[in-house]
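What follows is each chain in one-letter form.
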Amino acid sequence: MKTKITEMFGIQHPIIQGGMHFVGFAELAAAVSNAGGLGLITGLTQRTPELLANEIRRCREMTDKPFGVNLTFLPTVSSPDYPGYIKAIIDGGVKAVETAGNNPQKWMPMLHEAGIKVIHKCTSVRHALKAEAIGCDAVSVDGFECGGHPGEDDVPNFILLPRAAESLKIPFVASGGMADGRSLVAALALGAEGMNMGTRFIATKEAPVHENVKLAIVAASELDTRLVMRPLRNTERVLRNAAVDRLLEKEQTLGANLKFEDIIEEVAGVYPKIMIDGTMEAGAWSCGMVAGLIHDIPSVKELIDRIMAEADGIIRQRLAGMAGV
């Protein structure tokens, strides 16, 4: 399948694996790239630029296909060593970067001079237009369904994607609620040039996370996610567990007086405990509503091949049949 996104990133299928904390290691990124998609290493999961450089080398040993790095720009006082991370990306010969979080404008010249294509993650049309204005090559449009941070506008993809298509000149991919061939065809119909999957890729054989995490996603329905940190305007969609229930109770009790310090136990340092140790009640962790569409744990190649076969079938048979073609 040829789209502007497959052409831009030199990939076979218009499927991108989203950056995910303590999930986007070389193993998963390489598996996605080998299967014809675009795999992404999560930059900030690597604590230093040196560790990121090493992870890029590991990925390069596992695949000769294009892969990228996700770099989230955090609104923190003690900022990570972003120049160091970007140098590691450039020196590693990586040609695709997914940026997220704060505006990446100040880093764009460095990335573009190195011939790197930048796709920025956005949760609204206004942010997508800003990304286009600062020179991003593409955007990932994240609907309200998505795991992680859906923004504060609560617009689902059935509205957000066609709005993006009306407004943007640069290509975009659909993110949030993407799981299968139906998702891909729907995304293309709404104006996207491909799709970005996060939660669906966690429930694969190659995802380097504890089996408990994969089983939790398969067991969950579309009703099992919750929104936390809304009062702090840092909304995150997470899978419901005991820690999330505690967190929501604190939010309700404290109301407008809630501070980050009040919920730190439920959100800080949680990912290694869950993703590596499989301690599922350790805290709040990102998961999309798409969990309701995830029923198995295939290999990445099986998943991507199945998605493309299903998409092809929908386009050639179901839709063509309806159109009398």
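Scroll up a little and you will see the structure.
Here is what the cut-offs are and how they apply
- Residues numbered from 1 in each chain as written.
- Predicted model: local features only at pLDDT ≥ 70, side-chain atom pairs only at ≥ 80, totals over all residues.
- Heavy atoms only, no water.
- Axes fitted to C-alpha atoms, helices over the stretch in contact; angles between N-to-C directions.
- Helix = DSSP H or I, 4+ residues; strand = E, 2+ residues; numbered from the N terminus.
- Parallel < 35°, antiparallel > 145°, perpendicular 65-115°, else oblique.
- Left-handed = near helix turned anticlockwise from the far one by under 90°.
- Contact = heavy atoms within 4.5 Å.
- Nonpolar A, V, L, I, M, F, W, Y, C, P; charged D, E, K, R; others polar.
- Salt bridge = Lys/Arg side-chain N within 4 Å of Asp/Glu carboxyl O.
- Buried < 20%, exposed > 50% of the residue type's maximum accessible area, 1.4 Å probe, protein only.
- Core = buried A, V, L, I, M, F, W, Y, C linked by side-chain atoms within 4.5 Å.

## Describing the packing of helix α3 (residues 49-62) against helix α4 (residues 82-91)
For the pair α3 and α4, interaxial distance at closest approach is 8 Å and the crossing angle is 20°. In terms of orientation, α3 lies roughly parallel with respect to α4. Here α3 runs over α4; the crossing is right-handed. Mapping the contact onto sequence places P49, L52, A53 and I56 in α3 and G84, Y85, A88 and I89 in α4. Grouping the constituent residues of the contact of α3 with α4 by class yields seven nonpolar, one polar and no charged.

## Thoughts on the pattern of salt bridges
Throughout the structure, instances matching the rule amount to 18 salt bridges. Salt-bridge contacts for D245 lead to R240; the nearest nitrogen and oxygen are separated by 2.9 Å. By relative accessible area, D245 is classed as partly exposed at 29%. The class for R240 is partly exposed, based on a relative accessible area of 43%. In this structure, D312 engages R316 in a salt bridge whose closest nitrogen and oxygen atoms are separated by 2.7 Å. Here the residue D312 and the residue R316 both occupy positions in helix α14 (residues 300-322), the gap between them amounting to four residues, near one helical turn. D312 sits in the partly exposed class, given a relative accessible area of 35%.

## Brief notes about the environment of Y85
On the secondary structure map, Y85 appears in helix α4. Assessed through its relative accessible area of 3%, Y85 is described here as buried. Each C-alpha atom of the pair Y85 and L51 lies 9.4 Å from the other, and the pair is 34 residues apart in sequence. Not counting the four nearest positions on each side in its chain, Y85 is found in contact with G43, L44, Q46, R47, T48, P49, L52, L71 and P80.

## A word on the nonpolar core
If you look at the biggest cluster of nonpolar residues, it comprises 84 residues, and the most contacted ones within it are I89, V139, F201, V213, I217, M275 and W285. Contact partners of W285, with chain neighbours within four places excluded, come to V213, A216, I217, R237, V238, L239, N241, Y271, I274, M275 and M280. Counting ten residues, the second largest nonpolar core, distinct from the first, contains I11, I16, L38 and V173.

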